[in-house]
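Residue-level listing of the chains:
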Amino acid sequence: MSNLIYINGKLFPKEEAKVSVYDHGLLYGDGVFEGIRVYSGKVFRHEQHIERLYESAKAIALEIPMSPAEMIKAVEDTVKANNRTDGYIRLVITRGPGSLGLDPRKCQPQVIIIVDGISLYPPELYESGLKIITSSLIRNHPNTLSPRIKSLNYLNNIMAKIEAIRAGCLEALMLNHKGEVAECTGDNIFILKKGVLKTPPPDAGILEGVTRNVVLELAQQAKIPTQECTLTRHDLYVADECFLTGTAAEVIAVTDIDGRTIGTGKPGPITQELRRRFMEYARS
Ligand code: PMP
């Protein structure tokens, strides 16, 4: 059966789900989005994703034409209409169709909800760990578009991803404008050093990941000390363990950065324990 896509209150079969070529989402990357998982029939951390969506929209002065409660219901109804108990939701709000200039005043925002499956990395990489490189591109400078906005403008992350692919890797580390570790192109980054779990704080120029925050909570429950602190590439190279978190990636070990083997070169015990706890929590 074809997926059913929600556009502005109506469901369309995938083949018939279309938006205008004048949509400023397409013309200028003007809009915001969320990626959300469904586990065992439940939308994971639904309120947090919707809150971040509305904050992103507010930051780009885009008024979503429905309330957060209506949005939550629309997402849940679309998941049900697609008979999905496990899957991935892509929620996209575009500025909407307007003229060919940048002026957004004539645009009517569009709400699009796609429910599908996703697999970001091949399953064997969850056993062996990922090899990553540092990108030459920095994550957004805070005086441009804040990295805390999940906007439709992902071009510098895509350029970093292309660098990674050309170097034979699937993911790239992005630094901030001060040369500190920010995050990867679509995931947050953690290290373990001498028993302490460390990750950059939101003001390092990251998207504050929902999965990141869940992993910090799970680590605290497991009595693993956690610290949000500035990290440099050196900290990563000499870490005992390293892993990434994200809605699509979930929790995945990193075992090589810029040709340096991390720890033993295999997913570390704390990484494996946190991945186990995360999957158990998500599916409960
Ligand atoms: N950083 C970036 C740049 C991302 O696009 C994502 C994916 N949304 C993340 C981090 C991870 O965030 P989350 O755990 O909320 O999916």
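This one's a predicted model, so the numbers in the text were calculated from it and none came from an experiment.

Enquirer: Help me understand the site of the ligand in this model?
Expert: Near the ligand, the surroundings consist of 16 residues, among which Lys 150, Tyr 154, Glu 183, Thr 211 and Thr 247 are the closest. Here a nitrogen atom of the ligand sits 2.7 Å away from a polar atom, N or O, in the side chain of Lys 150. Here an oxygen atom of the ligand and a side-chain polar atom of Thr 211 are 2.5 Å apart. When the ligand sits alone it has 380 Å² of accessible area, and the protein chains cover 95% of it. In this structure the site holding the ligand corresponds to the largest pocket. Among the residues forming the shell around the ligand, the class breakdown is 3 nonpolar, 8 polar and 5 charged.

Enquirer: Please explain the layout of surface pockets as it appears in this structure.
Expert: Here the idea is plain: a probe the size of a water molecule rolls over the atoms and shows the empty space left. Taken as a whole, the largest pocket spans an internal volume of roughly 580 Å³. Along its surface, the largest pocket is lined by 29 residues, and Lys 150, Tyr 154, Thr 185, Gly 186 and Asp 187 are the ones closest to its centre. Among the secondary structure elements, those contributing two or more residues to the lining of the largest pocket are strand 3 (31-39), strand 5 (87-94), helix 5 (155-166), strand 9 (181-184), helix 6 (210-221) and strand 13 (241-246). With 3 residues, helix 5 is the largest single contributor of residues to the lining of the largest pocket. For the lining of the largest pocket, the per-class residue count stands at 11 nonpolar, 10 polar and 8 charged. In this structure, the lining of the largest pocket is formed jointly by two domains, domain 1 (4-116) and domain 2 (125-282), each of which donates at least three residues.

Enquirer: Please explain helix 6 as it appears in this structure.
Expert: Each turn of an α-helix holds 3.6 residues, which means side chains three or four residues apart point in the same direction. Helix length check: helix 6, at 12 residues, gives a terminal C-alpha distance of 17 Å against a target of 16 Å (1.5 Å per residue), a fit within 8%. Three or more residues of helix 6 are buried, namely Val 210, Thr 211, Arg 212, Val 214, Val 215, Leu 216, Leu 218 and Ala 219. Positioned one or two residues after helix 6, Lys 223 has a phi angle of 60°, which is positive.

Enquirer: Just checking my understanding: could you explain the packing of aromatic side chains for this structure?
Expert: Any aromatic ring pair is given by two values, namely how distant the centres are and how the planes are angled relative to each other. Overall, the coordinates contain 5 aromatic pairs when judged by the stated rule. Here the aromatic rings of Tyr 39 and Phe 44 are separated by 5.5 Å at their centres, their planes lie at 85°, and the arrangement is edge-to-face. Overall, Tyr 39 belongs to the buried group, its relative accessible area being 5%. Of the residues examined, Phe 44 reaches a relative accessible area of 10% and is grouped as buried. Seen from their ring centres, Phe 44 and Phe 278 are 5.7 Å apart, and the 80° between their planes marks the pair as edge-to-face. Of this pair, Phe 44 sits in the loop between strand 4 (42-43) and helix 2 (46-59) while Phe 278 is found in helix 8 (residues 269-283), placing the two residues 234 residues apart along the sequence.

About the thresholds
- Here the residue numbers are simple positions, counted from 1 along each chain's written sequence.
- Owing to the predicted nature of the model, reporting of local features is limited to residues with pLDDT of at least 70; listing and counting of side-chain atom pairs is limited to 80 or more, with chain, interface and lining totals taken over all residues.
- With hydrogens and water stripped out, all remaining heavy atoms of the structure feed into the side-chain values.
- By convention in this text, a residue qualifies as near a molecule or strand provided that one of its non-hydrogen atoms is within 4 Å of it.
- For this analysis, a polar contact is any N or O atom pair within 3.5 Å, provided that within protein one partner can donate a hydrogen and the other can accept it, and provided that sequence-adjacent residues contribute only side-chain to side-chain pairs.
- Only the protein chains shown count as cover for residues, and the accessible areas themselves come from Shrake-Rupley with a 1.4 Å probe.
- The rule is simple: put a 1 Å grid over the protein atoms alone, call a set of points where a 1.4 Å probe fits but cannot get out a cavity, call an open set with protein on both sides within 12 Å along at least five of seven lines a pocket, and count a residue as lining if it has an atom within 4 Å of a point.
- More than half of a molecule's atoms lying within 2 Å of a cavity's or pocket's grid points is what places that molecule inside it.
- Polar here means any residue other than Ala, Val, Leu, Ile, Met, Phe, Trp, Tyr, Cys and Pro, which are nonpolar, and Asp, Glu, Lys and Arg, which are charged; Gly is therefore polar.
- Grid points are joined across faces, edges and corners, and a volume is the space filled by probe spheres set on the points.
- Put simply, DSSP H or I for four residues or longer makes a helix, DSSP E for two residues or longer makes a strand, and each gets a number counted from the N terminus.
- How far each domain reaches was decided by an automatic or database domain assignment.
- Multiplying one less than the number of residues by 1.5 Å gives the expected span of a helix.
- The classification of residues rests on relative accessible area computed with a 1.4 Å probe and restricted to protein chains. Under 20% of the type maximum is buried, over 50% is exposed, and intermediate values are partly exposed.
- Aromatic rings from Phe, Tyr and Trp, taking only the six-membered ring of Trp, are treated as a pair when their centres fall within 6.5 Å; an angle between ring planes under 30 degrees marks them as stacked, one over 60 as edge-to-face, and anything in between as tilted.

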